[in-house]
Amino acid sequence: MSASLGVDAPAAESTNVATAPSPLKRVSLFHYSPALIFLVIVVADITRLADPDLWGHVRFGQDVLAQRHLIFFDPYSYSAPGHLWLNHEWLSEVLMAAIYNAFGTVGLKLMKFACSAATILFLALALEETESPARVQFAILIAASAPLATHLQFRPQIFTFALMSSILAILSRYNYRGRAPVWLAIPILALWANLHGGFIMGLAALGTFTAVVFAQDLAARRGMRRAMWLLAITAASAIATLATPYGVGTWQAVIHALGNPHTRTAILDWLSLPQSLLFHWRQDGVAGIAVKILALAMFVALGVTFIQTPRGGDLALISIAALMIAAAFLAIRNLPLAVIATVTPLARHTALALEARRKRLGLPVAHAKDRSPAINQLVVAVAAFELLILTGLFSKKMAAGDPYPVGAISYLKEHRLSGNILADFQWGEYVIWHMPPASKVFIDGRYDTVYPLKVIDDYLPFTNGEAAGKEILVNYPHDFVLVGQKNDPAYKLIVAQPGWKQIYRDDSCVLFARDTSAAAKLAPVTVSVKDTPANSFP
């Protein structure tokens, strides 16, 4: 036994493929066609749009680097000044800031590409363990890349996707071969807990695998040695997640996010899968839900093939996939994790179903080539690289998918205006990035890690244009209010309130100042649609 596979790891028993006869042959896409893996990576990384929180992630990391210590109390808001900030993404933000400081926007794109590549490479390693044909592996991997592409954005979540793939690659090897370095989960979870709160899903996967193995061994009366070893790894991994500057505070931040009553109604990422399908169908029609339907098709395919071939020796991996699919139905932000968890067992059971059909029909064994022709690989690799160039991997520009108050912020800076800015939630971190430290925001994307529930309770009626929303204009010391155009409910609310004067308007936003302030004495500016500044990072 190779030491690299974990010297003292108890081997899997006869329920696993490693010790059971299999009609299939282990095939690796790394050997069959590395170019196909490269193509999948490119497709998974194809979307490069600035996320609303990107400005904040980089700025927060830059401030940590500049001050040479973590920031434990909020310095950016006036609604919760000095409030405890349990930043479970601190290491991601420091990495993003360091990369941006050194290499600019291109560096951020390369960082995202590296995380996309890691996610796909780990999935390819897991697929190798399934003994499925190369074409099945590629078909499932390329299908998975589309829903992944919509979520692989410039956010700390990209580290969660890569690390979840790494955990599943290890568990897949252990499940199908009988031995693997499962102990690596301990340092992986320690790192993960400093990068993003999604580490809790990694622990859930590890715990589910352990629980199923325990149940199987107990039912088969095989003894508890293997289950106890996995349980020790899971427990050690859970303890390792406390190795952060916040200790148990990291868990508190994650639990608060899960329990926040506004999370699932105010944040699109936290909508349930059915709600998300309905919302994006109304917004964009078929184009808005296409990748979600593809993901659903993968989930259905897993269910169908598992029913057809239940003896695949991977009940633990099926259970993880089922858990992640359930999580995706609860919150759309978990959809990529469900896709990642589905890939391996889907390939395994698709291969078994095809083999069963071949035998049932009496068809001869199809002997696939061990390696794709070199010329085919070259063509695929060149096409993939051209796609990288065409989609702007090395461009210094990064488009923004949503409108941002570019013109209003430029107006404030041009006239050297600063103060407390009640801005749309989506714009909070954009304002933090562009405005000087003297300006503070009411709320931003850190709502779960900084802002008390009362602040969120006060903000939501305002942004929804409800009558109760006018109270926020009285109860907090705003100097400016920055909202969307005429269709924005908050705009309709503030224009009906006394004490505010419009000082800037363009096709993206409207800026108001208190009518008793010096800013209100400036001549108001209205910018035409064609002259409204374009959105881009930074």
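In this convention, every chain numbers its residues from 1, walking through the sequence in written order. Two thresholds apply to this predicted model, a pLDDT of at least 70 for residue-level local features and 80 or more for giving and counting side-chain atom pairs, whereas whole-chain, interface and lining totals are computed over all residues. Computation of side-chain values: all heavy atoms of the structure, hydrogens and water removed.

Q: Is there a simple way to think about the packing of aromatic side chains in this case?
A: For any two aromatic rings, the description comes down to two numbers: the centre-to-centre distance and the angle of the planes. Working definition: rings of Phe, Tyr and Trp (its six-membered ring) pair if their centres are within 6.5 Å, and the pair is stacked with planes under 30 degrees apart, edge-to-face with planes over 60 apart, and tilted otherwise. Counted according to the given criterion, the structure contains 21 aromatic pairs. Plain terms: the ring middles of tyrosine 76 and tryptophan 85 are 6.0 Å apart, the flat faces sit at 85° to each other, and that makes the pair edge-to-face. A relative accessible area of 10% means that tyrosine 76 is categorised as buried. Geometrically, the ring pair formed by phenylalanine 442 and tyrosine 476 is edge-to-face, given 4.8 Å between the ring centres and 90° between the ring planes. Placement of phenylalanine 442 in the loop between strand S3 (440–441) and helix H19 (453–463) and of tyrosine 476 in the loop between helix H20 (471–475) and strand S4 (480–483) is noted, with a sequence separation of 34 residues between them. Burial status follows relative accessibility: with a 1.4 Å probe on protein chains alone, a residue under 20% of its type maximum counts as buried, one over 50% as exposed, and anything between as partly exposed. A residue is classified by how much of its surface remains accessible, and tyrosine 476, at 14% relative accessible area, is buried. Pairwise contacts between aromatic rings join Trp55, Tyr100, Tyr404, Tyr430, Trp433 and Phe537 into one cluster. Against the face of phenylalanine 154 rests lysine 112, its NZ or CZ located 5.7 Å from the ring centre. Directly above the aromatic system of tryptophan 85 lies the positively charged group of arginine 446, at a separation of 4.7 Å from the ring centroid. Counting from the N terminus, the helices are the DSSP runs of H or I reaching at least four residues and the strands are the DSSP runs of E reaching at least two. Here, over-ring charges are defined by two tests on the NZ atom of lysine or the CZ atom of arginine: distance to the ring centre within 6 Å, and angle to the ring normal within 35 degrees.

Q: Can you walk me through the sheet that holds S3 in this structure?
A: Strands in a sheet are paired, the pairing made by backbone hydrogen bonds, and the direction either parallel or antiparallel. Following DSSP output, two strands are said to pair if at least two bridges run between them. If you trace the six strands from one edge of the open sheet to the other, you get S3-S2-S4-S6-S5-S7, paired in mixed fashion. Strands with a single pairing partner mark the edges of an open sheet, and in this sheet they are S3 and strand S7 (525–526). Inspection of the sheet shows S4 paired to strand S6 (residues 510–514) by four bridges, in the antiparallel sense. Bridge pairing in S6 places leucine 482 opposite leucine 511. We call two residues in contact when some of their heavy atoms are within 4.5 Å. A fitted line through C-alpha atoms serves as each axis, taken over the contacting stretch for helices, and the angle formed by two N-to-C directions is quoted from 0 to 180°. Helix-sheet contacts for helix H17 (residues 406–414) involve strand S2 (420–423), S4, strand S5 (500–505), S6 and S7, and the interaxial angle to S5 is about 110°.

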